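Below are the chains, spelled out letter by letter.
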Amino acid sequence: VTTNLELHIRQGDWERLIAHLFHDDHDEHGAVVLCGASDTAGRRRLLVREVVPALDGVDYVPGGRGYRHLTGAFVTRQLRRAKDMGLIYLAVHNHGGLGSVEFSPSDMASHERAYPTLLTVSGHAVGGVVVTSLALAGDVWQPGGTREPIPMTVVVGETRNLLRPSPMPQPHTSKLRYDRQSLLFGAAGQELLASMRVGIVGAGGVGMLAVQGLARLGVGELVVIDPDRVSSTNLPRLPEATRWDALEFLARSRFGPLRTASARFATPKVKLARRIVRRANRDTQILPVAGDVADESVARRLVDCDFILLAADSMLARDVVNQIAYQYLIPTLQIGSKVVVDKASGDVLDVYAVVRSLGCEPGCLSCNGLIDPVRLTEETLADEVQRENQRYIDDVDVHAPSVITVNMVAVGWAVNDFMQYAVGLGRPRSGYRILRTQPVTPGGPQLVSQTPDADPDCRVCGLASYSVLSKGDGADLPTRMR
Amino acid sequence: VTITPELSTNLKGSVLEAIEQIEQAYPSLPLKVVPDGQGGAWVELTDVPLGTAWQQSTTFLIFLLPFNLPACDIYPMFVRPDLQRSGHGGLVEGLAVTQLSWPGDPSQRDVVQVSRRTRGSFAAQTAPQKVEKVMDWVRSQ
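What you see as residue numbers is a count from 1 along each chain, following the sequence as written. Chain letters start at A and ligand numbers start at 1, both assigned in the order the entries are written. For a predicted model such as this one, the threshold for reporting local features is a pLDDT of at least 70, and the threshold for listing and counting side-chain atom pairs is 80 or more; totals across whole chains, interfaces and linings nevertheless cover every residue. To get the side-chain values, take all heavy atoms of the structure and skip hydrogens and water.

1. Things to note about the overall build of chain A
- Each helix is a run of H or I in the DSSP string that is no shorter than four residues. Each strand is a run of E no shorter than two, and both are numbered from the N terminus. Counting its regular elements, chain A contains 13 helices and 19 strands.
- Looking at chain A residue by residue over its 482 residues, the buried ones come to 53%.
- Total accessible area on chain A is roughly 21300 Å²; 53% of this is exposed by carbon and sulfur atoms. Partly exposed residues are those whose accessible area sits between 20% and 50% of the maximum for their type, while under 20% is buried and over 50% is exposed, using a 1.4 Å probe and protein chains only. All accessible areas in this document rest on Shrake-Rupley with a 1.4 Å probe, and a residue is counted as covered only by the protein chains that are shown.

2. Regarding the pairing of strand β17 (residues 348-358) of chain A
All names here are of chain A.
- Counting buried positions along β17 gives nine out of 11 residues, so the element sits mostly inside the fold.
- Being paired, for any two strands, means DSSP has found at least two bridges between them. What sits between the antiparallel neighbours strand β16 (residues 332-341) and β17 is a turn of six residues, in which Gly-346 has the positive phi angle 80°.
- The sheet contact formed by β17 and strand β18 (residues 432-438) spans six bridges and is antiparallel. Bridge pairing in β18 links Val-351 to Gln-438.

3. Section: the confidence of the model for chain B
- A score from 0 to 100, pLDDT tells how confident the predictor is in each residue. Put simply, chain B has an average pLDDT of 88, and 92% of its residues get 70 or more.
- Both scores are available for the predicted complex, with the pTM at 0.94 and the ipTM at 0.88.

4. What about the confidence of the model for chain A?
- Of all residues in chain A, 96% attain a pLDDT of 70 or more, and the chain-wide mean is 93.
- By definition, residues are in contact when any of their heavy atoms lie within 4.5 Å. Low pLDDT, under 50, characterises residues 391-397 of chain A; the stretch is placed with 13 contacts to residues that sit more than four places away or in other chains.

5. A look at helix α5 (residues 207-217) of chain A
Residues and elements named next belong to chain A.
- Burial of α5 is extensive: nine of the 11 residues sit out of reach of the surface.
- The inward-facing, buried residues of α5 contact α4 (179-194), β12 (197-201), β13 (221-225), α8 (269-280), β15 (307-310) and α13 (404-423).
- Immediately downstream of α5, the backbone of Gly-218 shows phi near 100°, a positive value.

6. As for empty space enclosed by the protein
All names here are of chain A.
- Every definition here rests on a 1 Å grid over the protein atoms only: cavities are sets of points where a 1.4 Å probe fits but cannot get out, pockets are open sets enclosed by protein on both sides within 12 Å along at least five of seven lines, and lining residues have some atom within 4 Å of a point. Grid points are joined across faces, edges and corners, and a volume is the space filled by probe spheres set on the points. For the structure on display, the rule yields four cavities of 30 Å³ or more.
- Looking at the largest cavity, its volume works out to about 50 Å³.
- Taken together, His-8, Arg-45, Val-154, Val-156, Arg-160, Cys-305, Asp-306, Leu-329, Ile-330, Pro-331 and Tyr-421 form the lining of the largest cavity.
- Of the residues in the lining of the largest cavity, the class split is seven nonpolar, one polar and three charged. Only Asp, Glu, Lys and Arg are considered charged, only Ala, Val, Leu, Ile, Met, Phe, Trp, Tyr, Cys and Pro nonpolar, and every remaining residue, Gly among them, polar.

7. Digging into the nonpolar core
- Buried Ala, Val, Leu, Ile, Met, Phe, Trp, Tyr and Cys residues that are joined via side-chain atoms within 4.5 Å together make up what is termed a nonpolar core. Core analysis: the largest hydrophobic core is formed by 50 residues, its most contacted members being Leu214(A), Leu222(A), Val224(A), Leu309(A) and Phe418(A).
- Here the element with the most residues in this core is α13(A); it accounts for nine residues.
- If near-sequence neighbours (up to four positions away) are discounted, Val224(A) is found in contact with Ile200(A), Ala203(A), Val211(A), Val270(A), Ala273(A), Ile286(A), Leu287(A), Pro288(A) and Val289(A).
- Judged by nonpolar contacts, the second largest core, of 40 residues, contains Met315(A), Leu365(A), Leu376(A) and Cys72(B).

8. So, the packing of aromatic side chains
All names here are of chain A.
- Stacked, tilted and edge-to-face pairs are distinguished by plane angle, under 30 degrees for stacked and over 60 for edge-to-face with tilted covering the rest, among Phe, Tyr and Trp rings (Trp via its six-membered ring) whose centres lie within 6.5 Å. With the rule as written, the count across this model stands at five aromatic pairs over all chains.
- Between Phe-307 and Tyr-421, the aromatic rings sit 5.3 Å apart at their centres with planes inclined by 45°, giving tilted as the arrangement. One end of the pair, Phe-307, is in strand β15; the other, Tyr-421, is in helix α13, with 114 residues separating them in the sequence.
- Taken together, the ring pairs connect Phe-307, Phe-418 and Tyr-421 into an aromatic cluster.
- Sitting over the face of the ring of Tyr-178, Arg-177 holds its NZ or CZ atom 5.9 Å from the ring centroid.
- One cation-aromatic arrangement involves Arg-356 over Tyr-432; the distance from NZ or CZ to the ring centre is 5.5 Å. Counting as a charge over the ring demands two things of the Lys NZ or Arg CZ atom: a distance within 6 Å of the ring centre and an angle within 35 degrees of the ring normal.

9. With respect to the interface of chain B and chain A
- Listed per partner, the contact involves 33 residues of chain B and 24 residues of chain A.
- Interface area for chain B against chain A, summed over the two sides, is near 2300 Å², with a carbon-plus-sulfur share of 56%.
- A simple way to read buried area is as the amount of 1.4 Å-probe accessible surface that goes missing from two parts once joined, with both sides added. If you sort the residues of chain B by the area they bury against chain A, Lys12(B), Gln38(B) and Tyr75(B) come out on top, with a joint share of 25%.
- Here, a salt bridge means any Lys or Arg side-chain nitrogen found within 4 Å of an Asp or Glu carboxyl oxygen. Seen at the junction of chain B and chain A, the total is one salt bridge.
- In this structure, the salt-bridge partner of Glu296(A) is Lys12(B), at a minimum N-O distance of 3.8 Å.
- Counting of polar contacts relies on pairs of N or O atoms within 3.5 Å, with two restrictions inside protein: one atom must be capable of donating a hydrogen and the other of accepting it, and residues adjacent in sequence are counted only when both atoms are side-chain atoms. Taken together, the links from chain B to chain A amount to eight residue pairs in polar contact (both at pLDDT 80 or more).
- It is strand β5 (residues 97-100) of chain B that contributes the most residues to the side of chain B that touches chain A, three residues altogether.
- Counted by class, the side of chain B that touches chain A contains 16 nonpolar, 12 polar and five charged residues.

Dropping the structure here:
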């Protein structure tokens, strides 16, 4: 029996399910959820794509052997849909009570009668789930004949709400070093942080500040992805980076090969990230990945994360991480900062930081035109020769202004957002927030909150049959085969 | 084109699907497929009819099916460099002969680039639809 099976569901879907199951009549009601799945070393996640309520008296009726049951026609219809989309079928009903729940003997007997046949028809795992509003237990049958409970359900949204079949004992103390922050979220909050795996895509001026903040908070594991090495021009923005990391004495050489050597042998940014984490908090583990998130083997490191911070600005990185957020139901914050300067006059036109929430509600980067198709195609082309001969890039060496203080505005907001999500204090589960520092008129707002557009036909976050939402390993990632 | 096991393991599923759609849409046209080393594929269709707008009757059409289909558009596309309009000869304004380096030829090939990108959503657009859209535009010049 594995103890690593988790059910992941978006808060909006969970709220719809609970609203259907728990009426004023205090009676039993039924539904079906259709799920994708994700398997990584030792961990399996079922990802709820769709909640299908069963209509009382039509789809969910009094039973001969049990109290109520789903009708054969309803089960057949939903099982066929699951099979067509490569999804897992889970039947759901509710019990009374609050913090604890378990299947009744008649529930288990009905599973043993029905699920072998449903398994044969579906070809995928099938199962049952019983819930109260605060607890969930599951019984999942795998095609190979194994049968697994669901020890933990994760509701992703404003908070990371964990549901179990029965309450877990709560810790009462945490380490002395966490004393001050535990006054905000308690030893239980500290333990939640320690249980989490957070991906940081991009260890540049934004991502590296996030690495430091997350390590000091006491997050259990960080997966840090970046293909680059430290350069002299990074030093004003990378915490703890030294001129030795950038091999600055070589970079300043008049001798070309020495300058080339500085770029080639400078410290990889993920190695600097590991140093920062080790100095900040020995309790935090780090997996440094010196690679491009657009490569399949690198992107796969993210799919079992509990949260992702996207701090890389390439369109390929945006496209890949945006899709992972919805395909694997991983709450994600895209973080950026921008300084816009008029090229001719040198006037500062705009200074702002932006935090965009992804993964929990429709309204992804693709829906909102935030993945530039021209730049995406440029970055997709295999090599510089092809990019050049197709005349897409004006000047690859042009860099935008970047300042650590503006980056800190974005990172502080985003990491705090993560902390409030992780420990249960709550944060907005959707929306784009822009924190503008220039130009700001007297009395004018510095914070602008935008409601993103959500395209129902979006191939990432929509519900059309071709969308990858919650499909987990059942859909390809938009990555290179490397 | 024959999808060999070797070719199949070098291409992403969405790219293989696009190649199959192109084969089905143009069963009589010779098709060459060259993996781009990233999971995508360069494709050359030959003997594509040009219609009456051009002195030449057919062209080759070369394009990249990117590894991140359908997230990424299929563009640009390239046709023969010696195109001459039926009436007054020459190319259409905005088109020009350029040189293409691609893994299907050992050296650069002269081509005319005829497509930049699809406006609006391209996620639901199939590869043959894109080919037809571009060729319709070429034929209408």
